[in-house]
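Structural characterization, general
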Amino acid sequence: MALRPLCLHVNVSIGTAAVLGLADIVMDAAPTTAYLMLGGRCVLDCGFCAQARSSQASALKLSRVTWPEFDQARTLALLAQAVERGDIRRCCLQVTVAEGYFQRTLEVIRAVRATCDVPVDAAILPRDMAQVEELLAAGVDHIGFGLDAACERVFQRVKGGSWARSLSLIEETARRFPGRGAVHLIVGLGETEQEMAETIQRMHDLGLIVGLFAFTPVRGTRLEDASPPPLSTYRRMQVAQYLITNNLARIGNFTFSATGQLSSFNLPRLSEILADGVAFQTSGCPDCNRPFYNERPGGTMYNYPKPLTPKQTKAAVEELEVDETNRETSNVINGSTIYPAAEWRLLETGLADGATNMAIDEAILWAVAEGESRPTLRFYGWQPPCLSIGYSQSMEGEVDVDRCREAGIGFVRRPTGGRSILHADELTYSVVARQAEPRVAGGVIESYRRLSAGLVAGLRALGVDASQALSPSSPAQSAACFDAPSSYEITVDGKKLVGSAQVRKKRVVLQHGSLPLEGDIARIFDFLRVSSEERREELKQELRACATSLELALGYGVPFDEVARHLAAGFAQALNLRLIPGQLSEHELALAERLRREKYAAREWNFRG
């Protein structure tokens, strides 16, 4: 007698079931992620969880959501149809720690990926890095770690287990697999607002996606009699999370009371930043809107599952219960330029050789000119070190190419003006935007001044007493860029810290600049043509007297990534920007490769005229 095939089932959130056509309910907002629950009653005993070991709640509950059971094959077939319609854009597996949970998760991941082309996330507790690797190899887009608690004190009371082990696994995943981890934090478990904000900052600095939840008491759980967080607390944590994860501010910007309550964001134009209401929408992985996961329709709305109306945004800002919005006019009018809120792309493209770096900058310029890419702020470094010359300089006349080759130093002509720069231990920024963009509009000096405000704000957040050089530099200059500050470049104690250059093409502005992080700023003269060794040493001493590095300015070194975060926050704050982390498009990558091969790596370009 033939055996009947095993019939597998999966629990589906009731909202997801409605989108898939498995249930018929009225929804004020439909989920854009399909939520599936695996595992059943958990061996762990988190005090807030309906699936916890000691919970008396329904086996079909998770938070306040009902998760009915359906046939797996039918569910996945309907999921594929919903993905094709565009109704579902992500699938998230909510996994409890039950017998066989990990292998079951791998099976469902593979089944989903075999059925349809949709990103799959898993909110799961891996045992170790070997399981993390298995999940990623199976096709998981993000692993969602349910840290939940903001500090060890709350973790031990509410969850139990090892706080240190949980953090170690999260941190190692973030280090080994950048961009593949997410962390869930629950507001209202007994932490202070300062503890929650500090943990949000810590997780963001690790490169993790931060999903914020409001504690929801569920009947039958250990915490069924506890209260959800005050709405004002949750609103403040939403805004803190939004500002931190979008690099608009760091926790050092905020003021906390003696009891750990966030009393001020200390951010100019806070109302303008919050005007689109995005800070109050559900946070987490892309397309995760979790409708009514923490709230009932018609009740107190902690996380908005869809864009807010102007009325809802106004109410949410008032619910913050901070008075900064009433003080902002004087903060921004007193000598500062007020820009309309805008979204720019933020790129961090790592280390590359000189020809590649210049090709990428120009490729972005063309993409912005063609309307394919939005205005872009990019941070990058150089490997191997490279000596770049300005557009109008002579490579043979000013650079000792043989010395460069012997030392493993590259060389390239920039598309921008200015003089020679040795790019070694530094951070380089570039800004690409249309000339009509108010932050770069006007003449060259005017746009320098505007963009320099962002650099100054970021450097000051790092602790550097930076300012703009307001007087033109002396006409007696060498071939090296850093021998004197030009008008509106960045100085510390009168010494040049950031050198910038600009080009305008196709009604687009490209400005890039060099921030030396450490090392001897005068090394450049080892690779420039100089009349004598005596003159070389004189030029080195002159350069050290009028230029500096970040390490010298601070008295200690700062890692590249930390400098980039502060500069991004400075641009966002000073120029009223929302920076959206992104990647180079396929078009930009192809164009950059062609520009590198045919232009920036070619002798005809580098040694022309």
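Residues numbered from 1 in each chain as written. Predicted model: local features only at pLDDT ≥ 70, side-chain atom pairs only at ≥ 80, totals over all residues. Heavy atoms only, no water.

Comments concerning the overall build of the chain
- When helices and strands are tallied, the chain shows 20 helices and 23 strands.
- Computed over its C-alpha atoms, the radius of gyration of the chain comes to 27 Å, within 12% of the 25 Å expected for a compact globule of 609 residues.
- Seen through its C-alpha atoms, the chain measures out along the principal axes to roughly 90 × 65 × 45 Å.
- About 25700 Å² of surface is accessible on the chain, with carbon and sulfur atoms providing 51% of the total.
- In the chain, 66 positive and 72 negative side-chain charges are present, and the distance between their average locations comes to 3 Å. (Helix = DSSP H or I, 4+ residues; strand = E, 2+ residues; numbered from the N terminus. Rg over C-alpha atoms; globule rule 2.2 N^0.38 Å. Areas by Shrake-Rupley, 256 points an atom, 1.4 Å probe, with all protein chains shown as cover. Lys, Arg positive; Asp, Glu negative; His and termini not counted. Charge placed at Lys NZ, Arg CZ, Asp CG, Glu CD.)

Remarks on the confidence of the model for the chain
- Confidence along the chain averages 89 in pLDDT terms, with 93% of residues attaining 70 or more.
- Element-level mean pLDDT values for the chain span from 40 in helix α11 (residues 324-333) up to 98 in strand β14 (residues 376-382).
- Ignoring residues within four places in sequence, the model shows residues 325-336, a span with pLDDT below 50, making 12 contacts including any to other chains.
- Note that residues 471-487 has pLDDT below 50 and, in this model, 55 contacts with residues that lie over four places away or in other chains. (pLDDT = per-residue confidence, 0-100. Contact = heavy atoms within 4.5 Å.)

Topic: the pairing of strand β7 (residues 120-123)
- On β7, burial covers both faces: Val 120 and Ala 122 on one face and Asp 121 and Ala 123 on the other are all buried.
- One ladder, built from 4 bridges, connects strand β6 (residues 90-95) with β7; its direction is parallel. Each residue of the ladder has a partner; that of Cys 91, found in β7, is Val 120.
- Viewed along the sheet, the connection from β6 through helix α3 (residues 101-115) into β7 turns out right-handed.
- Where β7 meets strand β8 (residues 140-148), 4 bridges bridge the pair, whose relative direction is parallel. Bridging across to β8, Asp 121 finds its partner in His 142.
- In this view, the connection linking β7 to its parallel neighbour β8 by way of helix α4 (residues 129-138) has right-handed handedness. (Buried < 20%, exposed > 50% of the residue type's maximum accessible area, 1.4 Å probe, protein only. Pairing = 2+ DSSP bridges. Right-handed = clockwise from strand over helix to strand, strands pointing away.)

Looking at empty space enclosed by the protein
- For the structure shown, the criterion picks out 3 cavities of 30 Å³ or more.
- The calculated volume of the second largest cavity comes to roughly 60 Å³.
- Those elements that place two or more of their residues in the lining of the second largest cavity are β14, β17 (421-423), β21 (495-505) and β22 (508-516).
- Considering each element in turn, the lining of the second largest cavity owes the most residues, 3 residues, to β22. (1 Å grid on protein atoms, 1.4 Å probe; cavity = no way out; pocket = protein on both sides within 12 Å on 5 of 7 lines; lining within 4 Å. Points joined across faces, edges and corners; volume = space filled by probe spheres on them.)

Describing the nonpolar core
- Within the largest apolar cluster, 147 residues are counted, with the highest numbers of intra-cluster contacts made by Leu 79, Leu 243, Phe 265 and Leu 459.
- Top element by residues in this core is helix α18 (residues 560-575). It accounts for 8 residues.
- Aside from chain neighbours lying at most four places away, what touches Leu 243 is Leu 248, Ala 249, Phe 254, Phe 265, Leu 267, Leu 270 and Ile 273.
- Ranked by size, the runner-up nonpolar core spans 24 residues in total, among them Val 368, Ala 369, Trp 382 and Ala 592. (Core = buried A, V, L, I, M, F, W, Y, C linked by side-chain atoms within 4.5 Å.)

A look at the sheet that holds β17
- Pairing is mixed in the open sheet, where 3 strands are placed in the order β16-β15-β17. Each edge of the open sheet is held by one strand with a lone partner, namely β16 (410-413) and β17. Each neighbouring strand pair of the sheet contributes to a mean axis angle of 25°, computed without reference to strand direction.
- Looking at chain direction, strand β15 (residues 386-389) and β16 are connected through 4 bridges and run parallel. (Axes fitted to C-alpha atoms, helices over the stretch in contact; angles between N-to-C directions.)

As for unusual backbone geometry
- Residue Pro 384 is bonded to the preceding Gln 383 through a cis peptide linkage, with omega at 0°.
- In this fold, Pro 384 is placed in the loop between β14 and β15.
- You will see that Asn 247, though not glycine, has its phi angle at about 60°, which is positive.
- In this fold, Asn 247 is placed in the loop between α8 (231-245) and β11 (255-256).
- The phi angle at Asn 576 is positive, at roughly 55°, despite the residue not being glycine.
- Structurally, Asn 576 is set in the loop between α18 and β23 (577-581).

Observations regarding the packing of helix α15 (residues 444-461) against α18
- Two numbers describe how α15 lies on α18: the axes approach to 7 Å, and their chain directions differ by 130°. Classified by the interaxial angle, the pair formed by α15 and α18 is oblique. Two packed elements cross with a definite hand, and for α15 against α18 that hand is right-handed. Facing α15, whose interface residues are Arg 450, Leu 451, Ala 453, Gly 454, Leu 455, Ala 457, Gly 458, Leu 459 and Ala 461, α18 presents His 566, Leu 567, Gly 570, Phe 571, Ala 574 and Leu 575.
- Residues belonging to the contact of α15 with α18 are distributed by class as follows: 10 nonpolar, 4 polar and 1 charged. (Parallel < 35°, antiparallel > 145°, perpendicular 65-115°, else oblique. Left-handed = near helix turned anticlockwise from the far one by under 90°. Nonpolar A, V, L, I, M, F, W, Y, C, P; charged D, E, K, R; others polar.)

Quick look at the side chain of Arg 414
- Tracing the sequence through the fold places Arg 414 in the loop between β16 and β17.
- Although Arg 414 lies buried, it forms no salt bridge, and the closest oppositely charged side chain, Asp 361, sits 8.6 Å away as judged by the N-O distance.
- Among the polar contacts made by the side chain of Arg 414, one reaches the side chain of Ser 388 at a distance of 2.8 Å.
- Within polar-contact distance, the side chain of Arg 414 engages the backbone oxygen of Gly 417 at 2.7 Å.
- Setting aside chain neighbours within four positions, we find Arg 414 in contact with Met 358, Ser 388, Ile 389, Gly 390, Tyr 391, Arg 419, Ile 421, Ala 501, His 512 and Trp 605. (Salt bridge = Lys/Arg side-chain N within 4 Å of Asp/Glu carboxyl O. Polar contact = N/O pair within 3.5 Å; in protein donor to acceptor, adjacent residues only side chain to side chain.)

Regarding the packing of aromatic side chains
- Here the structure, examined in full by the defined rule, presents 10 aromatic pairs.
- Their ring planes at 80° and their centres at 5.4 Å tell us that Tyr 234 and Tyr 302 sit as a pair that is edge-to-face. Placement of the pair is Tyr 234 in helix α8 and Tyr 302 in the loop between α9 (270-274) and α10 (310-319), with a sequence separation of 68 residues. By the burial criterion, Tyr 234 is buried, and Tyr 302 matches it.
- Look at Phe 254 and Phe 265: their rings are 5.4 Å apart centre to centre, the planes differ by 85°, and that puts the pair in the edge-to-face class. Placement of Phe 254 in the loop between α8 and β11 and of Phe 265 in the loop between β12 (262-264) and α9 is noted, with a sequence separation of 11 residues between them. Phe 265 carries the same exposure label as Phe 254, and that label is buried.
- Aromatic rings pair up to connect Tyr 391, Tyr 600 and Trp 605 into one cluster.
- A cation sits over an aromatic face here: Arg 290 above Phe 213, 3.9 Å from the ring centre.
- Over the face of the ring belonging to Phe 607 we find Arg 603, whose NZ or CZ atom lies 4.2 Å from the ring centre. (Phe/Tyr/Trp six-rings, centres within 6.5 Å; stacked < 30°, edge-to-face > 60°. Lys NZ or Arg CZ within 6 Å of the ring centre and 35° of its normal.)

Looking at the layout of surface pockets
- Volume-wise, the largest pocket comes out at about 1600 Å³.
- If you go around the largest pocket, you meet 44 residues; those closest to its centre are His 204, Leu 208, Ile 209, Thr 245 and Pro 581.
- Elements represented by at least two residues in the lining of the largest pocket include exactly α6 (163-176), α7 (193-205), β10 (209-214), α8, β13 (342-352), α18 and β23.
- Class assignment of the residues belonging to the lining of the largest pocket gives a composition of 18 nonpolar, 17 polar and 9 charged.

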